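# Understanding the architecture of this molecule
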Amino acid sequence: MQDRYSRQELFPPIGKEGQAKIRAKHVLLIGAGALGSGNAEVLTRAGVGKLTIIDRDYVEASNLQRQQLYTEEDVIEKLPKAAAAFKRLRAIDSSVDIRPIIGDANVEMLEELINEIDLIIDATDNFETRMMINDLSQKYKIPWIYGACVGSFGMSFTIIPGKTPCLNCLLQSIPIQGMTCDTGGIIGPTVQMVIAHQSAEALKILVEDWEAVRASFVSFDVWRNQYNSMKMSRAKKQHCLSCGEQPTYPYLELENQTKTTVLCGRDTVQIRPPKQQNLVLSELAEQLKRLGYEVKGNPYLLSVEWPENRIVIFQDGRALIHGTKDLTQAKTIYQKILG
Amino acid sequence: MNKILFFAHLRDVAGSESIEMQVDGKTVAELKEEIMTKFGFQKLDTVMTAINEEFTSDDDIIQEGDTIAFIPPVSGG
């Protein structure tokens, strides 16, 4: 299709040369929920060469309010998000090589793909996967773009190995009980604003306009009209285990990943977080009750009636997901609640 | 005097977008402790802190006139 990218080529920082660079690149998008849908659409319309999309979930009615690639038909068919995204993106631009992967993004899967990847975009909903992306990014020297949102609050940061601090410098440990869209709600405009920040950074990186890449950590609240740009010049940690002088890439180790086990004969999956947690169960119970879930509890555990499953969460972060033997489904539910 | 800004759900817990407090001479970690007691925050150890819009670590010392922002990393996507 002629002229397809002409308006983007007229934009001086891209031009015909930049367009050719965009076409030559392969982007890995991890997650095809709200941020994944939006980033995928921007990059496909922009004519990226290859786009690999990994997602473990399927389309549900509660996704349609903000996940822009999906339709009612996808909900009725219970299509996996990666497959539904592929269908829609191919209709948008058939010249882009879209590669959907239906599955749980783990170290093994990603290490197989990563050699041909130019950029990773984070569209996940949990910090465990983000820390793994962060370590892979450092190990294989591939930039990645963090993005996250909940309610009317969103944030993004671009991580370039050897140049910027990494996510492990900023967080030092995995925040658990971070607010998620399933506990704190989410509105469409927040999603769109995070997508705008992530995809603009993506285009800069794809055309190799490194000077234009944003060095600050942005966060904003589209409802309360706050916008914060945090300078990161002092954030890099010399002894960071992911990007410091002697990196060990701790989040690529199996022991630092969530363990899932099917409990024999019980139609139940046990989830154990990498580190023992000290959850504030009363706070979690309140959040879930506000959302209309039936929650019962005592000082040691919470029992939550989730659609089709009953979930028991212990104070140390361990959980039992009843009503399934599917490890990926169980982990998905767990991370929807605990981030 | 110092200005303290709260983002995301911290704002809801604190009941206000910003407050004024005299906290110069304290470290960020000490301020976190004080704020936790004052407002009943459950956990602030993984909350990012900026002083005058610059990322800071827990042992940085707050100066007179500094604006301190608490930004909780969020997870949804």
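Above: the structure in question.
Residues numbered from 1 in each chain as written. Chains lettered and ligands numbered in written order. Predicted model: local features only at pLDDT ≥ 70, side-chain atom pairs only at ≥ 80, totals over all residues.

## Some thoughts on helix α2 (residues 28–39) of chain B
Residue and element names in this part refer to chain B. Applied cut-off: Runs of H or I in DSSP of at least four residues are treated as helices and runs of E of at least two as strands, each being numbered from the N terminus. To estimate the expected span of a helix, subtract one from its residue number and multiply by 1.5 Å. Here a residue counts as buried when 20 or more other C-beta atoms fall within 10 Å of its C-beta, as exposed when 12 or fewer do, and as partly exposed in between; the C-beta atoms come from the backbone. Note that the arc is computed from the directions linking the helix axis to the C-beta atoms. A residue pair is marked as a contact if its C-beta atoms, positioned from the backbone, fall within 7 Å.
Between its terminal C-alpha atoms α2 stretches 16 Å, which fits the 16 Å expected from 12 residues at 1.5 Å a residue. Turning to α2, its buried residues are Val 28, Leu 31, Lys 32 and Ile 35. Down the axis of α2, the buried set is contained in an arc of 105°. They therefore lie on one face. Where α2 is buried, its residues contact β3 (48–51), β4 (54–56) and β5 (67–71). Of the residues trailing α2, Gly 40 is marked for its positive phi of about 75°.

## Brief notes about the environment of A:Pro250
All names here are of chain A. Note on placement: Pro 250 falls in the loop between β8 (226–230) and β9 (259–263). Under the C-beta neighbour-count criterion, Pro 250 is labelled partly exposed, with 15 such atoms within 10 Å. Counting along the chain gives 118 residues from Pro 250 to Met 132, while the straight-line C-alpha distance between them is 8.5 Å. Not counting chain neighbours up to four residues away, the residues in contact with Pro 250 comprise Leu 241 and Asn 256.

## What about the sheet that holds strand β3 (residues 97–102) of chain A?
All names here are of chain A. Filter applied, for reference: If DSSP finds at least two bridges between two strands, the strands pair. Whenever a helix is involved, its axis is fitted only over the stretch in contact; in every case the axis is a line through C-alpha atoms, and angles between N-to-C directions fall within 0 to 180 degrees.
Pairing is mixed across the open sheet formed by 8 strands, whose spatial order is β3-β2-β1-β4-β5-β6-β7-β8. Among the strands making up the open sheet, the edge pair consists of β3 and β8. Going across the sheet, the axis of each strand differs from the next one's by a mean of 15°, ignoring polarity. Pairing of strand β7 (residues 217–221) with β8 involves 5 bridges; the strand directions are antiparallel. Bridging across to β8, Val 218 finds its partner in Ser 229. Packing of helix α5 (residues 81–92) onto the sheet brings it into contact with β2 (50–55) and β3, and relative to β3 it is tilted by some 165°.

## Focus: the environment of B:Glu54
By the secondary structure assignment, B:Glu54 is in strand β4. Since 17 C-beta atoms lie within 10 Å of it, B:Glu54 is described here as partly exposed. Residues contacting B:Glu54, with those up to four places away along its chain left out, are A:Met230, A:Lys231 and A:Arg234.

## Re the environment of A:Ile311
Residues and elements named next belong to chain A. Here Ile 311 shows up in strand β13 (residues 309–314). A C-alpha to C-alpha distance of 9.9 Å links Ile 311 and Gln 270, two positions 41 residues apart in sequence. If sequence neighbours within four positions are ignored, Ile 311 has contacts with Val 304, Trp 306, Ala 319, Ile 321 and Ile 333.

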